[in-house]
Amino acid sequence: MVCGDCGGGFRRRTERGKIVWRCGTRMEKGKVECENSPTLNDQYIRDMLGKIVCNGEYDEKQRDQICEFEL
């Protein structure tokens, strides 16, 4: 996943016991380099991939078929 604000890649991480996706540039360099990127819940990402890419339901087996996309 690519950040629509700075072009950096999103990274999966655990925060406060929850899996989230955050812009790597923002994580490393802060708001100065990437001001408007969101923190996204892992389930939200799976739901959106299912709807947009996987014809209804996200399947880990299809992960390699997913190309880069911008958030």
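Residues numbered from 1 in each chain as written. Predicted model: local features only at pLDDT ≥ 70, side-chain atom pairs only at ≥ 80, totals over all residues. Heavy atoms only, no water.

A. Spatial organisation of the side chain of aspartate 42. Structurally, the position occupied by aspartate 42 is in helix H2 (residues 42-52). Given a relative accessible area of 10%, aspartate 42 falls into the buried group. Once you skip the residues sitting within four places of it in the chain, aspartate 42 turns out to touch Arg12, Ile19, Val20 and Trp21. (Helix = DSSP H or I, 4+ residues; strand = E, 2+ residues; numbered from the N terminus. Buried < 20%, exposed > 50% of the residue type's maximum accessible area, 1.4 Å probe, protein only. Contact = heavy atoms within 4.5 Å.)

B. Summary view of the side chain of arginine 26. Within the secondary structure, arginine 26 sits in helix H1 (residues 24-29). The buried charged residue arginine 26 lacks any salt bridge, with aspartate 5 as its nearest oppositely charged partner at 6.3 Å. Ignoring anything within four residues of it in the chain, the contact list for arginine 26 reads Lys31, Cys34, Glu35, Asn36 and Ser37. (Lys, Arg positive; Asp, Glu negative; His and termini not counted. Salt bridge = Lys/Arg side-chain N within 4 Å of Asp/Glu carboxyl O.)

C. Region of the structure containing the sheet that holds strand S2 (residues 18-23). Taking strand neighbours across the sheet as the criterion, the three strands line up as S1-S2-S3 in an open arrangement whose pairing is antiparallel. Edge positions in the sheet fall to strand S1 (10-15) and strand S3 (40-41), since each has one partner strand and no second. Bridging between S2 and S3 involves two bridges; their strand directions are antiparallel. Across the sheet, the residue bridging to valine 20 is asparagine 41, located in S3. (Pairing = 2+ DSSP bridges.)

D. Region of interest: the pattern of salt bridges. For the structure on display, the rule yields five salt bridges. Notably, a salt bridge pairs aspartate 42 with arginine 12, separated by 3.8 Å at the nearest N-O pair. Note that aspartate 42 is positioned in helix H2 and arginine 12 in strand S1, a separation of 30 residues in sequence. The residue glutamate 15 makes a salt bridge to arginine 13 at a minimum N-O spacing of 3.0 Å.

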